[in-house]
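Structural features, examined
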Amino acid sequence: MANFFKEFGTGLTAYGKAVEIIYSKGLWWFFLFPVLLNVLLFFGGFAAVDYLTEVTKNWVFGLINNENATYFGAAYVQGVLSGFIWVVLKILFFFIFAYIGGFIVIVLMSPVFSILSEKTEAILTGNSYPFDADQLMRDIARGVLIATRNLFIELGYIVGVFVLSFIPIIGQLGAIFLFFVSAYFYGFSFMDYTIERQKYSVKQSVQFIRQHKGIAVANGVLFSLFMLIPFCGVTLAGFVSIISVVAATISTQKVLLEEKK
């Protein structure tokens, strides 16, 4: 436990250095990618909701045969139903995004994170990696695999906590537990870009991060905090993720260097 808190402190300290590196070493332009991501999610999300609304509306109207109705107020009923369906799907969209939005950000930003982590390592150690399109695609695929794996494991924890939530005290602590579980898995994804360059397999990466849970939780805790902000959490978390990836690279490099010694 003592080692956990020591490494947690190491992970948190890395955030200060991460901000310094981002602005002193010209990595600030990576913040442009969350802007593009937010535009994509905003318009893509609304387009998806509008499309699903239309499909659902046609399905519901087909069931009740309301499109061919001739009774007084049929048009009004159609309008009310359309509005109700739109609102329900919009709320559902926000709830889904609240639970898995962080992983959506990590998956879509995976190519950016891979390059950013590589550039950060070059600044820290002088190690440079020539551009390799095949390697980049493998890094992206691995990032998506890790994020997907972590999402399903976290969903398992969510289901378990939901079942236990009916037990007094244990249920009340469930939300706090899930917050740190999320932080761990977010940190896992941010750290893996550095670990992968050490030629660790996914299994070896899992073992490495389990041994350094404190750093993983610290690397993901800020991202998790921003994800809790209603409505704009995912929007802001995209910007925080840039800092988190740099911080994860810094702290992971420190651990790897200590282990080599």
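Residues numbered from 1 in each chain as written. Predicted model: local features only at pLDDT ≥ 70, side-chain atom pairs only at ≥ 80, totals over all residues. Heavy atoms only, no water.

**Here's the deal with the overall build of the protein**
The condition that has to hold: Helix numbers and strand numbers start at the N terminus; a helix is a DSSP run of H or I with at least 4 residues, a strand a run of E with at least 2. Only protein chains enter the accessibility calculation, which uses a 1.4 Å probe; a residue whose area is less than 20% of its type maximum is buried, one above 50% is exposed, and one in between is partly exposed. Any pair of residues with heavy atoms lying within 4.5 Å of one another is described as a contacting pair. Per-residue and other accessible areas follow the Shrake-Rupley method at a 1.4 Å probe size, with only the shown protein chains counted as cover for residues.
The helix and strand tally for the protein stands at nine helices and zero strands. Counting from the amino terminus, the protein carries its helices and strands in the arrangement α-α-α-α-α-α-α-α-α. Burial statistics for the protein: of 261 residues in total, 43% are counted as buried. Pairs at least 24 residues apart make up 81% of the contacts formed inside the protein by residues separated by at least 6 positions. Within the structure as shown, the protein displays about 14400 Å² of accessible surface, and the carbon and sulfur contribution to it stands at 72%.

**Considerations on the pattern of salt bridges**
A side chain with one charge may pair with a side chain of the opposite charge, provided their charged atoms come close. Our working definition: Here a salt bridge means any side-chain nitrogen of Lys or Arg lying within 4 Å of a carboxyl oxygen belonging to Asp or Glu.
In the structure shown here, the tally under the stated rule is two salt bridges. Arg197 is paired through a salt bridge with Glu121; the nearest N and O atoms lie 2.6 Å apart. Highlighted residues: Arg197 in the loop between helix H6 (170–196) and helix H7 (202–211) and Glu121 in helix H4 (residues 110–125), separated in sequence by 76 residues. In this pair, the class of Arg197 matches that of Glu121, namely buried. Note that Arg142 is salt-bridged to Asp192, the shortest N-O span being 2.8 Å. With Arg142 in helix H5 (residues 133–164) and Asp192 in helix H6, the pair connects residues that are 50 residues apart, well separated along the chain.

**With respect to helix H8 (residues 213–227)**
Which entries qualify depends on this criterion: Given the number of residues in a helix, its expected span is that number minus one, multiplied by 1.5 Å. Note that bend, as reported per residue, equals the angle between axes fitted to the 7 residues terminating at that residue and the 7 residues originating from it.
End to end, H8 covers 20 Å across 15 residues, agreeing with the expected 21 Å (1.5 Å per residue, within 8%). By the largest-angle criterion, Val221 marks the main kink of H8, which is about 40°. Looking only at H8, the buried set comprises Gly214, Ile215, Ala216, Val217, Ala218, Asn219, Gly220, Val221, Phe223, Ser224 and Met227.

**Points about the confidence of the model for the protein**
Going by this rule: The quantity called pLDDT is the predictor's confidence in a given residue, expressed from 0 to 100.
Residues of the protein with pLDDT of at least 70 account for 87%, and the chain-wide mean is 82. Within the protein, helix H3 (residues 74–108) has the poorest average pLDDT of any element, 71, and H8 the best, 92.

**A word on the environment of Thr13**
Topologically, Thr13 is positioned in helix H1 (residues 2–24). Along the backbone, Thr13 and Ile250 are 237 residues apart, and their C-alpha atoms lie at a distance of 9.7 Å.

**A look at H5**
With 32 residues, H5 extends 47 Å from end C-alpha to end C-alpha; this agrees with the ideal 46 Å at 1.5 Å per step. Listing the buried residues of H5 in full gives Gln135, Leu136, Asp139, Ile140, Arg142, Gly143, Ile146, Ala147, Asn150, Leu151, Glu154 and Val161.

**Focus on unusual backbone geometry**
The backbone of Lys199 sits at a positive phi, close to 65°, despite the residue not being glycine. Along the chain, Lys199 turns up in the loop between H6 and H7. For Lys199, a relative accessible area of 64% gives the class exposed.

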